[in-house]
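# Structural features, examined
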Amino acid sequence: MKIKNLIYSSLMSLIAFQGYTQKAKVAAADKEYDRYAYIDAIATYERVANKGYTDESMFQKLGNAYYFNAELEKAEKWYEKLFDMNQNQEPEYYYRYSQCLKSIGDYAKSDKMMTEFNHKSGNDLRAKLFKSNRNYLEEIKANSWRYTIENAGINSKFSDYGSSFLGNNLVFASARDTGGIAKKVFKWNNQSFTNLYRSEMKSDGSLGKPERFDNRINSKFHESTPVFTQDGKTMYFTRNNFLNGKKKEDSKRVTLLKLYKSTLEKGVWGNVRELPFNSDQYSVAHPALSIDEKTLYFASDMPGTLGQSDLFKVKINDDGSYGTPENLGNKINTEGRETFPFISDQNELYYASDGHPGLGGLDVFVVQLDQNGSMSESQNVGEPINGKTDDFALLINGQSRTGFFTTNRSGGEGYDDIYRFTETKKLTCEQELSGVVTDLVDGKLLPMTQVVLFDSNFKELQQVVSDEKAHYAFEVKCGESYHVRAIKADYITKEQSITIAKESGKTDLPIALEKAVSKVTVGDDLAKFLKIEIIYFDLDKSFIRKDAAFELEKILDVMKQYPTMKIDVRSHTDSRQTHAYNEKLSDRRAKSTIAWLVKNGIAANRLTGKGYGETQLVNKCADGVQCTEQEHQANRRSEFIITSM
């Protein structure tokens, strides 16, 4: 150890000056990192790291810089070095490392990191989703290979993404160089700021040459992700915080994103105005319109956000004003990123997320929306739309089932590329909830039973009557929870809860009903019919406790209904204690039970009783036999045998 420390000290002396120099470079890179100029930071950090300089904070920032630029394979390298250096990291680093491991196909190690993330993060929804969906890869596999995809043919060597339909045109964002001597560069990724372009969608499915959309909309900063009303006269789009030649920044001097609205008048896009729920202090981006165009969906990190970015919706009033933005809740949003929403004409909400279990990076998910605004469980659309890298900004024509999505997978033209797809098989999860209604005691089929289906909030959804074979069935939604209630004359109404599987199939829910009216005769034990397992007494005592009185009230009620019925009360103990002690104790308890019934109005000549101690054990638990407490309890019982009717 001394020799190792001496060598280490000598080495540090030799490179001390160099070390201070590297630290100065790291400090400069930190400033670039904090201003989201990630490429500049990456270059500095990597030059320092490649010279052998190691620093935990630097590895964190190197990994983050690549992670935030969606270069997950490169981020994995630095996160690996970070964890090799120190595994005691904040939970978020376990999550990011897990995502990066997926990008290189190491799902086993990724799941291991997610298990650690779950352990460290407490109530993080991403951890809960992983824990409850350990077979997520199988579910994704079941949803996969329903698409044919190909490069859309309009991509450049720069970033092209976030497309939208406008009549027979595809409008999208691109960072392609449009000429000019002074090219303004976005330091996040050293590419040009994005502008909107349009490309004609031809009858054969191909796209025409991209052209600039409209210089009244495009500015010297970012424009992206437009959405248009069906009449093509109103557009919502994303832009940096820049309007009427004025740029605004947040408290950290960062120009964030805002949503803007523009209208088409006499063939010209104009009247650009920002939406009232924007802010200089948080981003609002990526608009999507509901089918009736009365609700605007978007992504934001505004107050009330659950994670890094969430999906929200806001009502568009008839007078053009807006309601208060509402978070879509934890059925959609996680502590990760949820972004790029799109509503199809089939009322499907597509969105991208790295918080739900996926294949790596951002994956595309879909939920079905109801008319009342409720939604089904999210489903990963699977391969080949999703892969190991970022896949997002999907839009689809609900009739032709063709559309476009964006990805940064390898094999494309540039940083982000737009792909065209055709859905060959719709993602439908069909489930039937069914079963047979029977008698609890004898298993007899019970046709003509009314069966009612409720949702998780006990809202009635449907009623059916079991058929001649006592069978019932409902069509239900995958992944949803329900309550089922069975009602039949002379039987006790029964209600059961069930959660439906997330894949297509049938869910079996048999229902066994208990008779409300039971026929008893001489020799029957009332305790069994009334579900009285034991009359409880305090240890070594024989007086009636309150909970015992509750059970005896049932016996009392039956005997009052049948005034000629006579009962023999039999009390039993387990084998612990001596034979003589148990016999005397049980006899006192039998007599106390009889005394309570007499006190409460039952004639003494209708009651007999005796204590049997341990002489009538119902199992093997005799003296000297090792038994569980549950086995001993089976012997501590009270019987109320009918001796006369």
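Before reading further, recall that the structure is shown in the block above.
Residues numbered from 1 in each chain as written. Predicted model: local features only at pLDDT ≥ 70, side-chain atom pairs only at ≥ 80, totals over all residues. Heavy atoms only, no water.

This brings us to the overall build of the chain. Check the secondary structure of the chain and you find 13 helices and 35 strands. Looking at the chain as a whole, 50% of its 645 residues qualify as buried. By sequence separation, contacts in the chain at least 24 residues apart represent 56% of the contacts at least 6 residues apart. As displayed, the chain offers around 32200 Å² of accessible surface, 50% of which is attributable to carbon and sulfur atoms. (Helix = DSSP H or I, 4+ residues; strand = E, 2+ residues; numbered from the N terminus. Buried < 20%, exposed > 50% of the residue type's maximum accessible area, 1.4 Å probe, protein only. Contact = heavy atoms within 4.5 Å. Areas by Shrake-Rupley, 256 points an atom, 1.4 Å probe, with all protein chains shown as cover.)

This paragraph deals with a nonpolar patch on the surface. Together, Val522, Tyr562 and Met645 make up an exposed nonpolar region whose accessible area comes to about 280 Å². Secondary-structure assignment places methionine 645 in the segment after strand E35 (638–644). Relative accessible area serves as the criterion here: at 39%, methionine 645 is assigned to the partly exposed category. (Patch = residues over 30% accessible without salt bridge, like charges linked within 9 Å, V, L, I, M, F, W, Y side chains within 5 Å. Salt bridge = Lys/Arg side-chain N within 4 Å of Asp/Glu carboxyl O.)

In this section: helix H5 (residues 72–85). In this model H5 runs 20 Å from its N-terminal to its C-terminal C-alpha over 14 residues, within 8% of the 20 Å that 1.5 Å per residue would give. Restricting attention to buried positions, one finds in H5 the residues Leu72, Ala75, Glu76, Trp78, Tyr79, Leu82 and Phe83. (Expected span 1.5 Å × (residues − 1).)

In this section: the sheet that holds strand E12 (residues 257–265). The pairing of strands in a sheet happens through backbone hydrogen bonds and is either parallel or antiparallel. Taking strand neighbours across the sheet as the criterion, the four strands line up as E8-E9-E12-E13 in an open arrangement whose pairing is antiparallel. Whereas interior strands pair on both sides, the edge strands pair on one side only; in this sheet they are strand E8 (223–228) and strand E13 (268–274). On average, adjacent strands in this sheet sit at an angle of 30° to one another, irrespective of strand direction. Across seven bridges, strand E9 (residues 234–240) lies against E12 in antiparallel orientation. The residue of E12 that forms the bridge with tyrosine 236 is lysine 261. (Pairing = 2+ DSSP bridges. Axes fitted to C-alpha atoms, helices over the stretch in contact; angles between N-to-C directions.)

Bringing the pattern of salt bridges into the picture now. Working definition: two side chains of opposite charge can pair if their charged atoms are close together. Scanning all chains against the criterion turns up 23 salt bridges. In this structure, glutamate 223 engages arginine 239 in a salt bridge whose closest nitrogen and oxygen atoms are separated by 2.9 Å. Of this pair, glutamate 223 sits in strand E8 while arginine 239 is found in strand E9, placing the two residues 16 residues apart along the sequence. The class of glutamate 223 is buried, set by a relative accessible area of 0%.

This part is about the packing of helix H6 (residues 91–103) against helix H7 (residues 107–121). Running from N to C, H6 and H7 cross one another at 165°; their axes reach a closest spacing of 8 Å. By the angle between their directions, the pair H6 and H7 is classed as roughly antiparallel. The chirality of how H6 crosses H7 is left-handed. Residues Pro91, Glu92, Tyr94, Tyr95, Tyr97, Ser98, Leu101 and Lys102 of H6 lie in contact with H7, whose contacting residues are Tyr107, Lys109, Ser110, Met113, Met114, Glu116, Phe117, Lys120 and Ser121. Class assignment for the residues of the contact of H6 with H7 results in nine nonpolar, three polar and five charged. (Parallel < 35°, antiparallel > 145°, perpendicular 65-115°, else oblique. Left-handed = near helix turned anticlockwise from the far one by under 90°. Nonpolar A, V, L, I, M, F, W, Y, C, P; charged D, E, K, R; others polar.)

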